[in-house]
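Per-entry structural report
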Amino acid sequence: MFEKLKKRWNLTSNLQVIAILVVFSITGYTSLIIAKPILEFVGLPQATTNPWIYRPLRILLIFPFYQVLILIYGWLFGQFEFFWNFEKKMLSRIGFKRFIKP
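Keep in mind the model is a prediction, meaning the values are calculated, not measured. (Residues numbered from 1 in each chain as written. Predicted model: local features only at pLDDT ≥ 70, side-chain atom pairs only at ≥ 80, totals over all residues. Heavy atoms only, no water.)

For the rest of this paragraph, the subject is unusual backbone geometry. In this model, Asn10 sits at a positive phi of 55°, which is unusual for a non-glycine residue. The topology assignment puts Asn10 in the loop between α1 (2-9) and α2 (14-41). On the basis of relative accessible area, Asn10 is assigned to the exposed category, the value being 68%. (Helix = DSSP H or I, 4+ residues; strand = E, 2+ residues; numbered from the N terminus. Buried < 20%, exposed > 50% of the residue type's maximum accessible area, 1.4 Å probe, protein only.)

Below you can see the structure in the form of structure tokens.
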């Protein structure tokens, strides 16, 4: 399994693969944790807000936090270059290509 990921991501060691997988998991969890108190702070607690409003707002809020956190955690784990390239590729695929310099 690690060999496929190393080849796909152009990595040299299994330790890099593990660090990258840890960064992905920590980033996802952290962005979920951060979004809930922010929505409560602006007056949209989950208990009293319609789920059809609350959930899309939470997803929209998670997206920018995820983008920033993945770079921070990537830097902390020594994989900033990988995640910087990952971010540029992902953002260009979803329509932000004009904002990314080659």
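Okay, the layout of surface pockets next. Looking at the largest pocket, its volume works out to about 420 Å³. In this structure, the largest pocket is lined by Arg8, Trp9, Asn10, Leu11, Glu81, Phe82, Asn85, Phe86, Lys89, Met90 and Arg93. Elements represented by at least two residues in the lining of the largest pocket include exactly α1 and α4 (80-93). With 7 residues, the single largest contributor to the lining of the largest pocket is α4. (1 Å grid on protein atoms, 1.4 Å probe; cavity = no way out; pocket = protein on both sides within 12 Å on 5 of 7 lines; lining within 4 Å. Points joined across faces, edges and corners; volume = space filled by probe spheres on them.)

With that settled, the discussion passes to the packing of aromatic side chains. Following the criterion strictly, the structure yields 8 aromatic pairs and no others. With 6.3 Å between their ring centres and 45° between their planes, Trp9 and Phe24 make a pair best called tilted. One end of the pair, Trp9, is in helix α1; the other, Phe24, is in helix α2, with 15 residues separating them in the sequence. Ring centres of Phe82 and Phe86 lie 6.4 Å apart, and the angle between their planes is 15°; on these two criteria the pair is classed as stacked. Of this pair, Phe82 and Phe86 are both found in helix α4, 4 residues apart, which corresponds to roughly one turn of the helix. For Phe82, a relative accessible area of 15% puts it in the buried group. One aromatic cluster in this structure is built from Trp9, Phe24, Phe82, Phe83 and Phe86. (Phe/Tyr/Trp six-rings, centres within 6.5 Å; stacked < 30°, edge-to-face > 60°.)

Here is a general trend for soluble globular proteins: nonpolar side chains tend to be buried in one another's company. Among the nonpolar cores identified, the biggest contains 13 residues, and Leu11, Ile20, Val23, Phe24, Ile70, Phe82 and Phe83 are the most heavily contacted of them. Of all the secondary structure elements, the ones that give two or more residues to this core are α2, α3 (51-76) and α4. The element best represented in this core is α3, accounting for 5 residues. The contact partners of Val23, leaving out residues within four places of it in the chain, are Ile70, Tyr73, Gly74, Phe77 and Phe83. If you look at the next biggest cluster of nonpolar residues, it comprises 5 residues, including Ala35, Leu39, Tyr54 and Leu61. (Core = buried A, V, L, I, M, F, W, Y, C linked by side-chain atoms within 4.5 Å. Contact = heavy atoms within 4.5 Å.)

By themselves these figures say nothing about function.
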